[in-house]
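Commentary on secondary and tertiary structure
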Amino acid sequence: MDHRVETAAPAAPLSEADIRTIFYGIMVAMFLAALDQTIVATAMPTIGRELNDVAHLPWVVTAYLLAATAVTPLYGKLADIHGRRIVLLSGIVLFVLGSVACALAPTLWLLVVARFVQGLGGGGLIALAQTIIADMVPPRERGKYQVYIASVFMASSLLGPVLGGFIAEKLHWSVIFWINLPLGLAAYLMTFGALKRLPRYERPHRLDLLGAVLITSATVTLLLALSWGGTHYPWGSAPILGLVALSTLLWLGFAWRLRSAQEPLIPLDVLANPVVRWGTVAAGFGMGTFIGLTIYLPLYFETVLGLSAASSGLGLLPLTCGTVIGATASGRALTRIKHYKRVPMAGLTVAILGVAGLAVFSGRMPLLPFAMLLTLISLGLGTLLPVATVAIQNAVLQHQLGTATAVANFFRQIGGALIVAVFGAIVLGGIGGGGAGLSPESLRLGTVDRELMIQLFRYVFCATGMGFAAALYCLGRMTELPLRGRSVEAAQAVSGE
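Residues numbered from 1 in each chain as written. Predicted model: local features only at pLDDT ≥ 70, side-chain atom pairs only at ≥ 80, totals over all residues. Heavy atoms only, no water.

We now examine the overall build of the protein chain. Looking only at helices and strands, one finds 22 helices and 0 strands in the protein chain. Out of the 497 residues in the protein chain, the part that is buried amounts to 55%. A separation threshold of at least 6 residues defines the contact pool for the protein chain, and within that pool the share at least 24 residues apart is 83%. (Helix = DSSP H or I, 4+ residues; strand = E, 2+ residues; numbered from the N terminus. Buried < 20%, exposed > 50% of the residue type's maximum accessible area, 1.4 Å probe, protein only. Contact = heavy atoms within 4.5 Å.)

Inspection of every chain in the model, using the stated rule, returns 1 cavity of 30 Å³ or more. Of the pockets and cavities examined, the largest cavity occupies roughly 40 Å³. Every residue along the wall of the largest cavity is listed here: Gln130, Thr389, Ile392, Gln393, Thr405, Ala408, Asn409 and Arg412. Residue assignment for the lining of the largest cavity shows that the elements contributing at least two residues are helix 18 (384–394) and helix 19 (401–427). Per element, the largest residue contribution to the lining of the largest cavity is 4 residues, and it comes from helix 19. Of the residues assigned to the lining of the largest cavity, the class counts are 2 nonpolar, 5 polar and 1 charged. (1 Å grid on protein atoms, 1.4 Å probe; cavity = no way out; pocket = protein on both sides within 12 Å on 5 of 7 lines; lining within 4 Å. Points joined across faces, edges and corners; volume = space filled by probe spheres on them. Nonpolar A, V, L, I, M, F, W, Y, C, P; charged D, E, K, R; others polar.)

Now for the environment of glutamine 262. Structurally, glutamine 262 is set in the loop between helix 11 (238–260) and helix 12 (268–272). A sequence separation of 54 residues divides glutamine 262 from aspartate 208, and the C-alpha atoms of the two residues are 8.8 Å apart.

What follows deals with the packing of helix 18 against helix 19. Between helix 18 and helix 19, the least distance of the axes is 9 Å, while the angle of their chain directions is 145°. Crossing of helix 18 over helix 19 shows right-handed handedness. Residues Leu385, Ala388, Thr389, Ile392 and Gln393 of helix 18 form the contact with helix 19, whose participating residues are Leu401, Ala404, Thr405, Ala408 and Arg412. Residue composition of the contact of helix 18 with helix 19, grouped by class: 6 nonpolar, 3 polar and 1 charged. (Axes fitted to C-alpha atoms, helices over the stretch in contact; angles between N-to-C directions. Left-handed = near helix turned anticlockwise from the far one by under 90°.)

Where helix 16 (residues 342–360) meets helix 21 (residues 450–477), the closest approach of the two axes is 9 Å, and the angle between their N-to-C directions is 165°. The pairing of helix 16 with helix 21 is recorded here as roughly antiparallel in orientation. Between helix 16 and helix 21 the crossing geometry is left-handed. Contacts between helix 16 and helix 21 involve Pro344, Met345, Leu348, Thr349, Ala351, Ile352, Val355, Leu358 and Ala359 from the former and Arg458, Phe461, Cys462, Thr464, Gly465, Phe468, Ala469, Ala471, Leu472, Leu475 and Gly476 from the latter. Looking at the contact of helix 16 with helix 21 residue by residue, the classes come out as 15 nonpolar, 4 polar and 1 charged. (Parallel < 35°, antiparallel > 145°, perpendicular 65-115°, else oblique.)

The subject of this paragraph is the packing of aromatic side chains. Using the criterion set out here, one finds 11 aromatic pairs in the structure. For the ring pair tyrosine 188 and phenylalanine 192, a centre distance of 5.6 Å and an interplane angle of 25° mean the geometry is stacked. With tyrosine 188 and phenylalanine 192 both in helix 9 (residues 180–192) and 4 residues apart, the pair spans about one turn of that helix. According to the relative accessible area criterion, phenylalanine 192 is partly exposed, its value standing at 34%. Relative to phenylalanine 457, the ring of tyrosine 300 has its centre 5.3 Å away and its plane inclined at 70°; by these criteria the two rings are edge-to-face. Here tyrosine 300 is found in helix 13 (residues 274–303), whereas its partner phenylalanine 457 is found in helix 21, with 157 residues between them in sequence. Classification of phenylalanine 457 as buried rests on a relative accessible area of 1%. Taken together, the aromatic side chains of Tyr300, Phe301, Phe370, Phe457 and Phe461 make up a single cluster linked through ring pairs. A cation sits over an aromatic face here: arginine 85 above phenylalanine 192, 4.5 Å from the ring centre. (Phe/Tyr/Trp six-rings, centres within 6.5 Å; stacked < 30°, edge-to-face > 60°. Lys NZ or Arg CZ within 6 Å of the ring centre and 35° of its normal.)

Time to look at helix 16. Taking 1.5 Å of rise per residue, 19 residues should cover 27 Å, and helix 16 covers 27 Å from first to last C-alpha, within 8% of that figure. Among the structural elements, helix 17 (367–382), helix 18 and helix 21 are those in contact with the buried residues of helix 16. (Expected span 1.5 Å × (residues − 1).)

Below, the discussion takes up the environment of proline 106. Tracing the sequence through the fold places proline 106 in the loop between helix 4 (84–104) and helix 5 (108–122). Proline 106 sits 55 residues away from leucine 51 along the chain, and the two C-alpha atoms are 7.1 Å apart.

With that out of the way, let us pick up the nonpolar core. Ile22, Ile26, Met27, Leu88, Leu111 and Ile132 are the most contacted members of the largest nonpolar core, which totals 80 residues. Take this core: its biggest share by element is 12 residues, from helix 1 (residues 16–36). Look past the residues within four positions of isoleucine 132 in its chain and what remains in contact with it is Ile22, Ile26, Arg84, Leu88, Leu195 and Leu198. Membership of the second largest hydrophobic core comes to 53 residues, among which are Ala388, Ile419, Met453 and Leu456. (Core = buried A, V, L, I, M, F, W, Y, C linked by side-chain atoms within 4.5 Å.)

Next up on the list: helix 4. Between its first and last C-alpha, helix 4 extends 31 Å over 21 residues, near the 30 Å set by a 1.5 Å rise per residue. Among all positions in helix 4, only Arg84, Val87, Leu88, Leu89, Gly91, Ile92, Phe95, Val96, Gly98, Ser99, Cys102 and Ala103 are buried.

Our focus in this paragraph is the confidence of the model for the protein chain. On average, residues of the protein chain score 78 in pLDDT, and 82% of them reach the 70 mark or higher. Mean pLDDT values over the elements of the protein chain span from 37, in helix 22 (residues 487–495), up to 93, in helix 16. In the predicted structure, residues 1–11 sits below a pLDDT of 50 and forms 24 contacts with residues beyond four places in sequence or in another chain. Predicted confidence is poor over residues 486–497, with pLDDT under 50, and the contacts of this stretch with residues over four places away or in other chains come to 18 contacts. (pLDDT = per-residue confidence, 0-100.)

With that settled, the discussion passes to the environment of leucine 120. Within the secondary structure, leucine 120 sits in helix 5. If we ignore the near neighbours within four places in the chain, the residues touching leucine 120 are Ala67, Val71, Tyr75 and Leu94.

The following block contains the structure:
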């Protein structure tokens, strides 16, 4: 590993006011990206009716996901080459332009194209925000800031569906995209001047364009297979198998490029770093499993517990709120506890026990104890998120910070897509249920077999426990480097001296 430690370019020290201004600005930028993934869902039926195309509505979500996931590692690399400021501001501008195009789209397919552009802008905002926080705050103090990041996601999860439904019903669906203009302008103005004060760590780099094309193409084909499998085409059909085969070839091509390029898109020493490797996989399993639960638990509430669609949304509150509380506790512990892995390892153990309770008593547990177990599970999972992020950032050199953070976020998103596909194969494809799964027609007509759903969700909860167990195992394998505070400690922690 490169043992050289860079010195920041001359810049006046950031004052507390500067840090607050930058922090609030990047929180608004993160909120832009996070809110847009939740606010559209409840407005989609209205959008489909008004644009006269309901059959292709899933592409409104899929297009954004494809673009945002594919460009995440590119944002990290570009930030390490050109600096955080210009890349973040460019992302905000591209996101806002995509939002305007969405609001003006006269047809569904033009809306899908505009959502793809929007995703190109929003894909790097979250990873860049975490990178900028890492530039301003030493790892020892960084955990408490990860709490605010978790709060942004909770706020977007709670406000998005409610706000999207209200706007679609009372105003017009295009307002969902128009509101990004004042939010984007606020984020731009709050960060434009303040980000000039950030210390500079970038170095002259070459952008590996072939590597970027390979990883982007591999990601797009994989996510297409995951989004079409079991819905548009059977999992064993020629189109899905062809996409999987093509994605495999492209990933192999990307692996070859990593070894052959003079300066690969993702540096090999970043991928070889055991903290980055195990921390990324642990967070991918944990966060991916959490995303799968949030998507499919409303079906359990409606088909097994008999709740309405609105009430099933409220049933997710224990899951989202508990995650933030767990992240808060874990983030604060980072500043005080030497062996910081112990908190998330204990939390994940509790989460596994909670999921085991859901699996054993599936269909026989009233709503209140079910919600209590969800709270326990989310509290345990929440402890993982700040520890994984801070540990990864703590383990790399400063000029690799943007790349490492973006890579971690990229593989979290890929992990989420994979685990959601697994849960979908269980519930819709009937894996574990004797080949019988949930039929969309039966759901629409209200003729769902409750006993079948109980059996299917028992397998979902078992799969959830396996996901958390995998996260616990990977976290246990992750090296626990001392969290550095200032420049001398940074050199010692990263170089292993």
